[in-house]
Amino acid sequence: MSKKYVKWFMLLALIVPMFLVACGGSTEEAVQDAVDQAEDVAADVAEQAEDVAADVAEQAEEVVEEAEAAVEEATEEVVEEEPAEEPVAEATEVPAEEVAMEPCAPSADGTLAGVDPRGQTVVWWHNHSGTREELLIEIINNFNETNECGITIEALNQGGYNDIRDAVNASIASGEVPAALVVGYQNDQAFYQLNDTLVDLNEYLNDPHWGLTEEEQASFYQSFFNQSIHVAFDNQRLGFPPNRSIELLHYNKTYLEELGYTAPPATPEEFVEMSCAAAAASESGVGGYILRDDASALAAWTYAFGGDILNEDGSGYIYNSEATVAAMTMLQELATPGEDGLVCAYFFDGFPNPEVANRNALFSMGSSSGIPFYAADFATVAEEAGTEPDEYAVAAIPHTTADPVVNIYGGDVMIVKTTPEQQLAAWEFVKWFTTPEVQASWVEASQYFPTNSGAVEFLGDYNAENPVYAAALDLLQYGKFEPQLISYQSVRDAAQESYNAIIQGADVQTELDNLTERANELQAELLEEMGN
């Protein structure tokens, strides 16, 4: 009960006796009665007040408990809702939106952070000519017109591998920077890197923004992919493989069949017989096989005879094995006029393609990359003669082994140290050029073998429509690589000299002993120059 009501009861208790006195009652008794009544009222009021206080306390306690329960429930709801708020925050992150807004923008992290390749012009020294160069230019123009970085590739034919090597070495010697992108073999890379000329592509390949994913890297044929990793230079990756080739026997199938043979030679003995049969059929008495005297031919014949030109641990050369001696003895005998005056193998100053197409020779040895040129020359010869073209075909080098062993090789593209912007622009082109779809286009243009296995799905019926290429592709499983030692370019020159000396009549064993000694001396000299 409120204090206001208590006061009113007390007041009434005093006023009532006063009315009674006025009506004739005793004053003392009235006052006493009023006091007694007031005390009774006060007691009742106090008792009611205690009851009310107890009720209020109990209700207050219930209210507190309900309030605490409500706070706890609200807290739990907040905690439960917190994870749902995080995706909202991630969806509104500003940096991700900024990166996606501008194509080819520089990355913000990694070793290439801040490098901007946009608008760069990259000069590429390459070795392609004729129809292949024309088709290469079409592919490059596609890149120039469509790449989001605005990069321009300027492709310049600098001749063959030897010409490019000479041009790069001349630039290095004069202190000038060669082209930003050059082509060459793995031994070229090692030689250039003696002067710290090339970029380590591992930095670009594995960059989180500009590089290739693990899946993309795995799509390359790994033997090709890792061929340019140089242990001598702390495992730097000094080149990247755009294509590969193998050493083949090119021949005129129609001519072979007219000579009475139904299949190309599988063994050295069959090769000698067929070559001399072609020489005998020619008016000049010279024919059969067109000799090729470079180091790759020497390696190819050695492999076909079951040998190697490296020692067991791959640290040095061995050109005087039984296999190399036997192969070079056979070639020397073919080139030496016999008792009947026949010359079954000869050197030709120029491309061998027209000679084989014209039946001046039956066989020649060369890279699978020459397939389109041979096919074109067979067609040209027939057109000029007004006849149906002879059928052109390829086969493995005649071998003594159970299965063929073919020499497989290929030049890489290398990025020269210029500026960070040009280097990254060059890498963007290399990366694009080795994607599966572009690789398929390059296969059709060049008839090289692709290095990215993903290209196969884009080739469609190409193999069925190009049986010569398909036959060469089947031999890829029998491949064996040439040396990648730092001295191999110098050794290649020495090997060519020895090859020619043997064909001219030098003692085979002595010449190959001298070549082996000279090759290992060149390797030791370069290792000493490197400080190893």
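The structure contained in this document is the topic of the report that follows. If you're wondering where the values come from, they're calculated on a predicted model, not measured in any experiment.

Now for the layout of surface pockets. Roughly 1,300 Å³ of internal volume is contained in the largest pocket. Lining the largest pocket we find 43 residues, and of these Y161, R292, D294, F351 and S367 sit closest to its centre. Residue assignment for the lining of the largest pocket shows that the elements contributing at least two residues are helix 5 (161–174), strand 6 (245–252), helix 12 (295–304), strand 9 (363–367), helix 15 (371–385) and helix 21 (488–503). Residue composition of the lining of the largest pocket, grouped by class: 14 nonpolar, 22 polar and seven charged. Counted as a void, the second largest pocket has a volume near 390 Å³. Taken together, 20 residues make up the lining of the second largest pocket; nearest its centre are G314, P483, Q484, L485 and I486. The set of elements that each furnish at least two residues to the lining of the second largest pocket consists of strand 4 (229–230), strand 13 (479–481) and helix 22 (508–530). With three residues, helix 22 is the single largest residue contributor to the lining of the second largest pocket. Looking at the lining of the second largest pocket residue by residue, the classes come out as 13 nonpolar, four polar and three charged.

Moving on, we come to the nonpolar core. In this structure, W124, L181, F240, W427 and F429 are the most contacted members of the largest nonpolar core, which totals 57 residues. Broken down by element, this core gets its largest block of residues, eight residues, from helix 16 (residues 420–433). If we skip the residues at most four places from it in the chain, F429 touches W124, I140, F143, I153 and L181. In this structure, Y303, A335, A393 and V491 belong to the second largest nonpolar core, which totals 55 residues.

To continue, consider the sheet that holds strand 1 (residues 121–126). Ordered in space as 2-1-3-12, the four strands form an open sheet in which the pairing is mixed. For this open sheet the edge positions go to strand 2 (152–157) and strand 12 (412–415), each flanked by a neighbour on one side alone. Taken pair by pair, the neighbouring strands of this sheet meet at an average axis angle of 25 degrees, ignoring direction. Sheet topology note: the strand 1/strand 2 ladder contains six bridges and is parallel. The residue of strand 2 that forms the bridge with T121 is T152. Its contacts with the sheet place helix 4 (residues 130–146) against strand 1 and strand 2, and it is angled at close to 165 degrees to strand 2. Across the face of the sheet, helix 6 (residues 186–193) comes into contact with strand 3 (181–184) and strand 12 while running at roughly 20 degrees to strand 12.

Before going further, it helps to spend a moment on the environment of A108. Note that A108 resides in the loop between helix 3 (94–101) and strand 1. Relative accessible area serves as the criterion here: at 78%, A108 is assigned to the exposed category. A C-alpha to C-alpha distance of 9.0 Å links A108 and H209, two positions 101 residues apart in sequence.

Turning to the pattern of salt bridges, a few remarks are in order. Tallied over the full model, the rule gives 15 salt bridges. Residue K253 is joined to E391 by a salt bridge in which the shortest nitrogen-to-oxygen separation is 3.6 Å. A residue pair is termed long-range when its members are at least 10 positions apart, and K253 in helix 10 (residues 253–258) and E391 in the loop between helix 15 and strand 10 (392–395) qualify at 138 residues. In the salt-bridge network here, residues are joined through shared partners; they are E102, D116 and R118.

A complete count under the given rule lists two cavities of 30 Å³ or more for this structure. Of the volumes computed, that of the largest cavity is approximately 100 Å³. Considering the residues around the largest cavity, the lining is formed by 14 residues, among which Y185, Q186, Y409, E482 and P483 are closest to the centre. Going through the elements one at a time, helix 6, strand 11 (406–409) and helix 21 are the ones with two or more residues in the lining of the largest cavity. Residue classes in the lining of the largest cavity are distributed as six nonpolar, six polar and two charged. Its volume calculated, the second largest cavity comes out at about 50 Å³. W124, N127, H128, Y161, V183, P242, N243, G411, V413, F433 and W442 together form the lining of the second largest cavity. Each residue belonging to the lining of the second largest cavity can be placed in one class, and the counts come to seven nonpolar, four polar and no charged.

Taken as a whole, this structure holds two disulfides when the rule is applied. For C104, the disulfide goes to C149, at an S-S distance of 1.6 Å. Negative torsions about the S-S bond denote left-handed disulfides, and the value of about 85 degrees found for C104 with C149 makes this one right-handed. With C104 in the loop between helix 3 and strand 1 and C149 in the loop between helix 4 and strand 2, this residue pair connects regions lying 45 residues apart in the sequence. For the pair C104 and C149, one class covers both residues: buried. For the chain, numbering the cysteines in disulfides from first to last along the sequence yields the connectivity 1-2, 3-4.

The rules we used
- Numbers given for residues are sequential positions, taken from 1 along each chain in its written order.
- In keeping with the predicted nature of the model, local features appear solely for residues at pLDDT of at least 70, side-chain atom pairs appear and are counted solely at 80 or more, and the whole-chain, interface and lining totals rest on all residues.
- The side-chain values count all of the structure's non-hydrogen atoms but skip hydrogen atoms and water molecules.
- Points on a 1 Å grid, built from protein atoms alone, make a cavity when a 1.4 Å probe fits but cannot get out and make a pocket when they are open with protein on both sides within 12 Å along at least 5 of 7 lines; residues with an atom within 4 Å of a point are the lining residues.
- Grid points are joined across faces, edges and corners, and a volume is the space filled by probe spheres set on the points.
- Labels follow the DSSP assignment, with helices taken as runs of H or I lasting at least four residues and strands as runs of E lasting at least two, numbered in each case from the N terminus.
- Charged residues are taken to be Asp, Glu, Lys and Arg, nonpolar residues to be Ala, Val, Leu, Ile, Met, Phe, Trp, Tyr, Cys and Pro, and polar residues to be all remaining types, Gly included.
- Put simply, buried Ala, Val, Leu, Ile, Met, Phe, Trp, Tyr and Cys residues joined by side-chain atoms within 4.5 Å make one nonpolar core.
- Classification of residues uses two cut-offs on accessible area relative to the type maximum, computed with a 1.4 Å probe and protein chains only: under 20% is buried, over 50% is exposed, and between them is partly exposed.
- The contact criterion used is simple: two residues touch if any of their non-hydrogen atoms lie within 4.5 Å.
- Should DSSP find at least two bridges between two strands, the strands are taken to pair.
- All axes here are fitted lines through C-alpha atoms, helices being fitted over the stretch that makes contact, and every angle between N-to-C directions spans 0 to 180 degrees.
- Take a side-chain nitrogen of Lys or Arg and a carboxyl oxygen of Asp or Glu: if they are within 4 Å of each other, that pair is a salt bridge.
- Disulfide assignment relies on a single distance test, namely cysteine sulfur atoms paired within 2.5 Å.

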